[in-house]
Amino acid sequence: MSRAEAKDLSKRIESYLSIDPDQAPSRYLNLAVSDLYIARDPNMSDLPTEHLRSVLRFWLQLPKVDGVPNVVKIEPEAVRPALGYLILIDIDEENEDFRYALYGSRIAAVSGFDMTGKGVWDLGTNSVIQNFFAACYIAASRLRCPIYTIHEAPPAITVSHWHRLILPLGQGGLVKRFLVCNLPIFKGEVR
């Protein structure tokens, strides 16, 4: 898959998030991702763990300019329950990529790789997932709001599903970075 395909998919994601479709997201998006769930502006009750809720609570309390928190740095104490499951992603507009400034240690331990310093197109997974991640970041940037996704993990990873909360951060109302809480869950337990 390519960056152009990710942009096209992001438009379908934006459309999906703006309507109440009758179809499952993977079918609507024409995407081969198992057990896919995607939602815009999740409520606390939509999030199954305190890890995710603490990060959303932190984000909601930040001062905003045009709906985007006017901050690009995160104080670790503010999101303590989620430490190890956090990702900071910088938008690399020049290369049309998303660079992992921080890739949580617990995520790396479960996935078997550390993406710190690399881009989404370097991700050690299949191209459908790369495309889906990039499309979600593009959609979150355009919509300027939180996006929550759940998808089945690849068979090589020892978890059943990844729960990903994507939160835009920026300066002067422009989205520059994402704070992401990415939880590996197996049989209802966070790994």
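Above this note sits the structure.
Parameters at a glance
- Residues numbered from 1 in each chain as written.
- Predicted model: local features only at pLDDT ≥ 70, side-chain atom pairs only at ≥ 80, totals over all residues.
- Heavy atoms only, no water.
- Helix = DSSP H or I, 4+ residues; strand = E, 2+ residues; numbered from the N terminus.
- Expected span 1.5 Å × (residues − 1).
- Buried < 20%, exposed > 50% of the residue type's maximum accessible area, 1.4 Å probe, protein only.
- Arc of directions from axis to C-beta.
- Contact = heavy atoms within 4.5 Å.
- Pairing = 2+ DSSP bridges.
- Phe/Tyr/Trp six-rings, centres within 6.5 Å; stacked < 30°, edge-to-face > 60°.
- Lys NZ or Arg CZ within 6 Å of the ring centre and 35° of its normal.

Give me the lowdown on helix H1 (residues 3-18), citing residues and values where you can.
Given a rise of 1.5 Å per residue, 16 residues ought to cover 22 Å, and the 23 Å separating the end C-alpha atoms of H1 matches this to within 8%. Three or more residues of H1 are buried, namely Ala 6, Leu 9, Ser 10, Ile 13, Glu 14, Tyr 16 and Leu 17. The buried side chains of H1 occupy one side of the element, clustering within an arc of 160 degrees when seen end-on. Exposed positions of H1 whose direction lies more than 90 degrees from the buried face are Ala 4, Lys 11 and Ser 18. Where H1 is buried, its residues contact helix H2 (25-28), strand E1 (37-40), helix H5 (127-143) and strand E6 (147-152).

Run through the pairing of strand E4 (residues 86-92), naming residues and quoting values.
Looking along a regular strand, one sees the side chains alternate between the two faces of the sheet. Buried residues dominate E4, accounting for five of its seven residues. Here five bridges tie E4 to strand E8 (residues 174-186), and the two strands are oriented antiparallel to one another. Residue pairing in the sheet places Ile 87 in a bridge with Val 180 of E8. Summarising the sheet, E4 and strand E5 (residues 97-103) pair through six bridges and their orientation is antiparallel. Opposite Asp 90, over in E5, you have Arg 99 as the bridge partner.

Any chance you could break down the packing of aromatic side chains for me, citing the residues and the numbers?
One pass over the structure, following the stated rule, counts eight aromatic pairs. When the ring of Tyr 37 is compared with that of Tyr 148, the centres are 5.9 Å apart and the planes differ by 70 degrees; the resulting orientation is edge-to-face. You can see Tyr 37 sitting in strand E1 and its partner Tyr 148 sitting in strand E6, a full 111 residues away along the chain. The interplanar angle of 25 degrees and the centroid separation of 6.3 Å between the aromatic rings of Tyr 103 and Phe 113 together place this pair among those described as stacked. Of the two residues, Tyr 103 sits in strand E5 while Phe 113 sits in the loop between helix H4 (105-111) and H5, which places them 10 residues apart along the sequence. Joined through ring pairs, the aromatic side chains of Phe 98, Tyr 137 and Phe 178 make up one cluster. Lying over the aromatic face of Trp 59, Lys 64 brings its terminal NZ or CZ to 4.6 Å of the ring centre. Directly above the aromatic system of Phe 133 lies the positively charged group of Arg 164, at a separation of 3.8 Å from the ring centroid.

Spatial relationships are all this shows, so hold off on functional conclusions.
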